[in-house]
Amino acid sequence: MKREELTASFLREIETLREELIESTSRILQFETISGAADPAGQARCRQQIEGCAAWLRELTARMGFRWIESAPAGRWFAIEWPAASRAARPQIGVPTHIDVVPVGEGWTHPPFSGAVADGFIWGRGAQDDKGPLIAALYGLYALKRAGFRPPVTYRIIIGTQEEIGDWSDLREYLDQQGAPDFGFTPDAIVEAAKDQIAG
């Protein structure tokens, strides 16, 4: 498939998936994955919410036809993989993300874990950092898959659970168990970066 044909097909698929993408973004924002609680009850609630979020992502991943990978023991990190079309291909592109969020704070226009769709925005803690970008990356791969793209490399969305407290032991564990990707980028707070570029 030529680049122009792929681009046109990809854009059509993104438009077809628009409502589903919005619904999925809204849904992931409803998990109260607040990290950094000092009390055992808060820590347990965060772990429970992370497990629920991961279970939802695992189901979504399976429906899209991608591979789900998680840490052993489970719950420290997760990954979504689209393997290269050729078994001989080695390069891997890693997209590190995270599903934990900081405490909500004050001054919300809409409840912080509602995932409300209003005024042309999707509202919720994590919409920009980093659940929204995670879903954008996932649906980008899904649209490419539906468009007929055959990946020459392996794509892997790597999902951490402790970024907001500055504890990188989950990703160190990932690297120990899975190795480092050959190339990568992070979509962390990509909406804010895009706004800065537009303003500049």
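Structural notes, computed from the coordinates. (Residues numbered from 1 in each chain as written. Predicted model: local features only at pLDDT ≥ 70, side-chain atom pairs only at ≥ 80, totals over all residues. Heavy atoms only, no water.)

## Overview of the packing of aromatic side chains
Okay, so step 1: According to the stated counting rule, one finds 9 aromatic pairs in the structure shown.
Okay, so step 2: Consider the rings of F66 and W82, whose centres lie 5.7 Å apart with planes at 55°: the pair is tilted. Taken as a pair, F66 in the loop between α3 (40-64) and β1 (67-70) and W82 in strand β2 (residues 78-82) lie far apart in primary sequence, 16 residues in all.
Okay, so step 3: According to the relative accessible area criterion, F66 is buried, its value standing at 7%.
Okay, so step 4: Look at W77 and Y174: their rings are 4.8 Å apart centre to centre, the planes differ by 90°, and that puts the pair in the edge-to-face class. Placement of W77 in the loop between β1 and β2 and of Y174 in helix α5 (residues 169-178) is noted, with a sequence separation of 97 residues between them.
Okay, so step 5: Accessibility expressed as a relative area gives 0% for W77, which makes it buried.
Okay, so step 6: Put simply, the rings of F66, W82, Y139, Y142, F149 and Y155 pair up and form one aromatic cluster.
Okay, so step 7: The ring of Y142 is capped by R146, whose NZ or CZ atom sits 5.5 Å from the centre of that ring. (Phe/Tyr/Trp six-rings, centres within 6.5 Å; stacked < 30°, edge-to-face > 60°. Helix = DSSP H or I, 4+ residues; strand = E, 2+ residues; numbered from the N terminus. Buried < 20%, exposed > 50% of the residue type's maximum accessible area, 1.4 Å probe, protein only. Lys NZ or Arg CZ within 6 Å of the ring centre and 35° of its normal.)

## Some words on the packing of helix α1 (residues 3-16) against helix α4 (residues 131-146)
Okay, so step 1: Where α1 meets α4, the axes come as close as 8 Å, and the angle between the chain directions of the two elements is 120°. By the angle class used here, α1 and α4 are oblique. Where α1 crosses over α4, the two elements pack in a sense that is right-handed. Along its contact with α1, which presents L6, F10, E13, I14 and T16, the element α4 presents Y139, G140, A143, L144 and R146. (Axes fitted to C-alpha atoms, helices over the stretch in contact; angles between N-to-C directions. Parallel < 35°, antiparallel > 145°, perpendicular 65-115°, else oblique. Left-handed = near helix turned anticlockwise from the far one by under 90°. Contact = heavy atoms within 4.5 Å.)

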